[in-house]
Amino acid sequence: MSSNRFGQDAALIAIEKFKSGRIDRRSFLTAMAGLGLAVAMRPGAASAEANEIVVCNWGGAALDAFQKAYGDPFTKKSSIPVVIDGAGPETGAIRAMVDSKNVTWDATDGGMTDALVLGKGGYVEPIDYSIVDKSLVGDGLAAEFGICNYTYSNVLAYDSKKLSTAPSSWADFFDLEKFPGKRTMCKWIQGQLEAVLLADGVKPQDVYPLDVDRAFKKLEPLLPNLIFWESGAQSQQLFRDGEVVMGNIWHTRANLLRKENPQFTWTWNNNLMFASAWSVPKGNPAGKKVFDFINSSMEPEGQITLLRIMGNGPSNPKALALMTEEDKAVYSLAPENAKTGLKISAQYYADNEAALQNKFLDFISR
């Protein structure tokens, strides 16, 4: 679910870029039209032909961004059109399509956790690694039912003007004496208790399975000083309004804050790294052709395009050689940024998220 929300948020960030003039007018108008389509479209609304590839993402500006980064390069090489459907690949929608045998999507932009859940239920095809070159992605980013199409992180962001020294770890997040002021965390659990446990001295290799009781015990005294965000835009606004001095937020939002005002920044130390993923619904109209598209999307040039439009990090390590220093500064898998990072376990959340999320919401509502 975290990847789902990040995908939606990345589209909103790109819309903001269009509105501020940092992306051309044509792209902006395409995105606006796409946003309307994304609101109107529902499972079954997109045309799905065997001679085209229909990709479902989270709509908005992500329609145009994915077309430029992934669709156009593939069509140029193969002459096969790529249609981007912005309806949002919710797991429930995918299940409904497959159960009704009315599948209109060939590839979906969901999270690695979603890929595991859907794969276990028999709703998505195994990735055909005789066609898709798994060596094009980093270690741990190619799974049976999903392959990573972009990466992102939760980071410790802070307001440097309101703090006498810069926080450098999740332990500092809990030090109200040295770093007074309100904090923010996400109400959606992925990437939250991991930070708490790291702050409590748990070594990264020992974080999973999560010791929920230990995390809650550590977190409970901080609750009066916490504001929980639900959307990336809200996490950003809390900093703008001066309501918080630090927070556990997506690195894309931290980057936007710093571009607005350099007093806002973040540390990559112990950043919490996520992988989004392509999945293929069972019975997709294009059949095996979709794997040619997926393989094409692993090329570093297209992934760099997506990074520059939306902030989503490449999954292909070769993209690093094509990056400017500015690109590397916001790329969670750049060696200097990833060296202390913790990879969020998609398998753990595939097995436990529903129960954990309810328990977490009950806890933070005290």
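Parameters at a glance
Residues numbered from 1 in each chain as written. Predicted model: local features only at pLDDT ≥ 70, side-chain atom pairs only at ≥ 80, totals over all residues. Heavy atoms only, no water. 1 Å grid on protein atoms, 1.4 Å probe; cavity = no way out; pocket = protein on both sides within 12 Å on 5 of 7 lines; lining within 4 Å. Points joined across faces, edges and corners; volume = space filled by probe spheres on them. Helix = DSSP H or I, 4+ residues; strand = E, 2+ residues; numbered from the N terminus. Nonpolar A, V, L, I, M, F, W, Y, C, P; charged D, E, K, R; others polar. Axes fitted to C-alpha atoms, helices over the stretch in contact; angles between N-to-C directions. Left-handed = near helix turned anticlockwise from the far one by under 90°. Contact = heavy atoms within 4.5 Å. Phe/Tyr/Trp six-rings, centres within 6.5 Å; stacked < 30°, edge-to-face > 60°. Buried < 20%, exposed > 50% of the residue type's maximum accessible area, 1.4 Å probe, protein only. Polar contact = N/O pair within 3.5 Å; in protein donor to acceptor, adjacent residues only side chain to side chain.

Visitor: Looking at this structure, I do not really get the layout of surface pockets. What am I missing?
Guide: To find leftover empty space, one rolls a probe the size of a water molecule over the atoms. Computed from the structure, the largest pocket encloses a volume of approximately 580 Å³. Asp-139, Gly-140, Leu-141, Ala-275 and Lys-343 are, among the 32 residues lining the largest pocket, the residues nearest its centre. For the lining of the largest pocket, the elements supplying multiple residues, two or more each, are helix 1 (2-19), helix 5 (112-120), strand 4 (147-159) and strand 8 (264-279). In the lining of the largest pocket, the residues fall into 17 nonpolar, 12 polar and 3 charged.

Visitor: It is not clear to me how the packing of helix 3 (residues 62-78) against helix 11 (residues 289-297) should be interpreted in this structure. Could you clarify?
Guide: Relative orientation and spacing of two packed helices are given, respectively, by the angle between their axes and the distance between those axes. Following both chains from N to C, one finds helix 3 and helix 11 inclined at 115 degrees, their axes separated by 9 Å at the closest point. For the element pair helix 3 and helix 11, the recorded crossing hand is right-handed. For the pair formed by helix 3 and helix 11, the contact residues are Tyr-70, Gly-71, Phe-74 and Lys-77 on the first element and Lys-289, Asp-292, Phe-293, Ser-296 and Ser-297 on the second. Residue composition of the contact of helix 3 with helix 11, by class: 3 nonpolar, 3 polar and 3 charged.

Visitor: Would you mind showing me how to read empty space enclosed by the protein here?
Guide: All chains considered together, the criterion is met by 2 cavities of 30 Å³ or more. The volume enclosed by the second largest cavity comes to roughly 40 Å³. As for the second largest cavity, its lining consists of Pro-89, Ile-94, Thr-108, Gly-110, Gly-111, Asp-114, Ala-115, Leu-118 and Ser-279. Listing elements by their share of the lining of the second largest cavity, those giving two or more residues are strand 3 (107-111) and helix 5.

Visitor: What's the story with the packing of aromatic side chains in this structure? I'm lost.
Guide: How two aromatic rings sit relative to each other is set out by the distance from centre to centre and by the angle between their planes. Scanning the entire structure with this criterion turns up 16 aromatic pairs. Ring centres of Tyr-70 and Trp-278 lie 5.4 Å apart, and the angle between their planes is 65 degrees; this geometry places the pair in the edge-to-face category. Taken together, the residues Tyr-70 in helix 3 and Trp-278 in strand 8 connect sequence positions 208 residues apart. Per residue, the accessibility class of Tyr-70 equals that of Trp-278, and both read buried. Ring geometry for Phe-216 against Phe-363: centres 4.1 Å apart, planes inclined by 5 degrees, an arrangement best described as stacked. Residue Phe-216 is found in helix 8 (residues 212-219), and its partner Phe-363 is found in helix 15 (residues 346-364); the two are separated by 147 residues along the sequence.

Visitor: Any chance you could explain the environment of Ser-315 here in plain terms?
Guide: In this fold, Ser-315 is placed in the loop between helix 12 (300-310) and helix 13 (325-329). Ser-315 gets classed as buried once you look at its relative accessible area, which sits at 1%. Between the C-alpha atoms of Ser-315 and Ser-276, which are 39 residues apart in sequence, the distance is 9.2 Å. Apart from the residues within four sequence positions on either side, Ser-315 is in contact with Leu-136, Val-137, Gly-138, Leu-141, Cys-148, Asn-149, Tyr-150, Thr-151, Met-298 and Gln-303. In this structure the side chain of Ser-315 is engaged in a polar contact, spanning 2.8 Å, whose partner is the backbone oxygen of Cys-148.

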